[in-house]
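The lines below spell out each chain.
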Amino acid sequence: MYITQGRKGKLGMWKYIPVPLGFLGLMTLNYIVSKMFNMDTETVIKQQIELIGKNGLFVELMIPFVVFLGGLLFWVKFVHQQSILSLTTSRKKIDWGRVFFVFALMATFIIVSTGLSYYFSPEDYIFNFKPVPFLILLVLALVLVPIQTSFEEYMFRGYLMQGLGLATKNKWIPLVVTSVLFGLMHAANPEVETLGPIIMVFYIGTGLFLGIITLMDEGMELALGFHAANNLITVLLVTADWTALQTHSILLDVSEPGAGYEILIPVFVIFPLFILILSKKYKWTNWKDKLFGKISSQTTPEEITQV
């Protein structure tokens, strides 16, 4: 069972408090400061682009996640004395086939859907391809985006999912709580200012989707692959002047931002379809127990626990 992998180390629930509290506190402080000083995030981003360029800003936004991921994995390894493997999956080794399959699935979806949108509404896009800046972005993104997305997955679908599961002795509380926290983490993004609160349905729904596939698959491989594909292909293929990540992407979306039904389509159509595809491929069963079941306080012979 994936959540009980958290027992493979030195337990002590206090150890689960400092890291998420520090990270979420930092996110909350950032949000409060931006509101207190009435900061226009979009204007600040434009000023930074003028100062250091889009690639420079991209690196500036990504570098903190290198520190965050390194700090989280250090804490897990040396404070919890838990292996990174047990934080990642309940399998004997990381299944990279799962990572690459869902990466390819999501990448194909983004490319095809963007291509269709460009074909039917070419006026909504500017062809923005510049070889040298794009190649620099490509190298930077291939290195930094997987680090950024991996931190978010290890924090929410890994560390918090396991910690909350062991604390509450069930699965639905960590599923719901981590999904909501994942959504709230994005509250300071300029997309929220532009599109309004409805986009939080998308962020929280994405967290719920990633949590479901993690619990059903007994590991984070699918969530890691999906999240990496979503962010990597997006920053390379299409961005807009009102998004958090503005890059030298191939296309620039210049359409009027709107928060209509298209915000809800991924949550209520695409994500369920992905869950169906993955459930058929990996033969998921016992849905009720895996998503809503209780977690025994007793260890099994397979669990190596040091209390």
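We now turn to the structure provided with this report. All of these numbers come straight from a predicted model, not from anything done at the bench.

### Some details on the packing of aromatic side chains
Part 1 of the reasoning: Counted by the stated rule, this structure contains 24 aromatic pairs.
Part 2 of the reasoning: Judged by centre distance (5.0 Å) and plane angle (70 degrees), the ring pair of F23 and F151 falls under edge-to-face. Here F23 is found in helix α1 (residues 18-36), whereas its partner F151 is found in helix α5 (residues 131-168), with 128 residues between them in sequence. The pair F23 / F151 is uniform in exposure class, with both members buried.
Part 3 of the reasoning: Measuring from centroid to centroid gives 5.4 Å for F68 and F151, while their planes differ by 40 degrees, and the two rings are tilted. A residue pair is termed long-range when its members are at least 10 positions apart, and F68 in helix α2 (residues 41-78) and F151 in helix α5 qualify at 83 residues.
Part 4 of the reasoning: On the accessibility criterion, F68 (21% relative accessible area) is partly exposed.
Part 5 of the reasoning: We classify F151 as buried; its relative accessible area is 1%.
Part 6 of the reasoning: By way of ring pairs, the aromatic residues F109, F202, Y203, F209, F226, F271 and F274 are connected into one cluster.
Part 7 of the reasoning: Above the face of the F182 ring, R157 is positioned so that its terminal group lies 4.4 Å from the ring centre.
Part 8 of the reasoning: The positively charged end of K281 is found above the aromatic ring belonging to F101, 4.7 Å away from the centroid.

### Remarks on the environment of W172
Part 1 of the reasoning: By secondary structure assignment, the location of W172 is in helix α6 (residues 172-184).
Part 2 of the reasoning: Under the relative-accessibility criterion, W172 is labelled partly exposed at 42%.
Part 3 of the reasoning: Residues W172 and I212, 40 residues apart in the sequence, show an inter-C-alpha distance of 9.7 Å.
Part 4 of the reasoning: Discounting residues that sit within four places of it in the chain, W172 has contacts with L291 and F292.

### As for a nonpolar patch on the surface
Part 1 of the reasoning: On the surface, L26, L29, Y31, I32, V33, M36, F37, M39 and V44 cluster together into a nonpolar patch covering about 820 Å² of accessible area.
Part 2 of the reasoning: Here the element with the most residues in the nonpolar patch is α1; it accounts for 6 residues.
Part 3 of the reasoning: Among the secondary structure elements, M39 is positioned in the loop between α1 and α2.
Part 4 of the reasoning: Judged by its relative accessible area of 37%, M39 falls in the partly exposed class.

### Description of α2
Part 1 of the reasoning: With 38 residues, α2 should cover 56 Å at 1.5 Å per step; its first-to-last C-alpha distance of 37 Å lies more than 12% under that length.
Part 2 of the reasoning: If you look at α2, its biggest bend is around 110 degrees, right at I52.
Part 3 of the reasoning: All of the buried residues along α2 are T41, I45, I49, K54, N55, L57, F58, M62, F65, L69, L72 and V76.
Part 4 of the reasoning: Against the buried residues of α2 lie α1, α3 (84-88), α5 and α7 (190-195).

### Quick notes on the pattern of salt bridges
Part 1 of the reasoning: Applying the stated criterion to the full structure yields 6 salt bridges.
Part 2 of the reasoning: As a salt-bridge pair, R91 and E221 come within 2.8 Å of each other at their nearest N and O atoms. Within this pair, whereas R91 is found in the loop between α3 and α4 (96-120), its partner E221 is found in helix α9 (residues 221-237), the two being separated by 130 residues in sequence.
Part 3 of the reasoning: For R91, a relative accessible area of 21% translates into the label partly exposed.
Part 4 of the reasoning: Judged by its relative accessible area of 0%, E221 falls in the buried class.
Part 5 of the reasoning: Ionic pairing is found between D217 and R98, a salt bridge with its closest N-O pair at 2.7 Å. Here D217, found in helix α8 (residues 199-217), pairs with R98, found in helix α4; they are 119 residues apart in sequence, far enough to count as distant.
Part 6 of the reasoning: Of the residues examined, R98 reaches a relative accessible area of 13% and is grouped as buried.
Part 7 of the reasoning: It is possible to trace a salt-bridge network through shared partners that takes in R91, D95, R98, D217 and E221.

Reading guide: rules and limits
Residues numbered from 1 in each chain as written. Predicted model: local features only at pLDDT ≥ 70, side-chain atom pairs only at ≥ 80, totals over all residues. Heavy atoms only, no water. Phe/Tyr/Trp six-rings, centres within 6.5 Å; stacked < 30°, edge-to-face > 60°. Helix = DSSP H or I, 4+ residues; strand = E, 2+ residues; numbered from the N terminus. Buried < 20%, exposed > 50% of the residue type's maximum accessible area, 1.4 Å probe, protein only. Lys NZ or Arg CZ within 6 Å of the ring centre and 35° of its normal. Contact = heavy atoms within 4.5 Å. Patch = residues over 30% accessible without salt bridge, like charges linked within 9 Å, V, L, I, M, F, W, Y side chains within 5 Å. Areas by Shrake-Rupley, 256 points an atom, 1.4 Å probe, with all protein chains shown as cover. Salt bridge = Lys/Arg side-chain N within 4 Å of Asp/Glu carboxyl O. Expected span 1.5 Å × (residues − 1). Bend = angle between axes of the 7 residues up to and from the residue.

Note that all results are geometric; they support no functional claim without further evidence.
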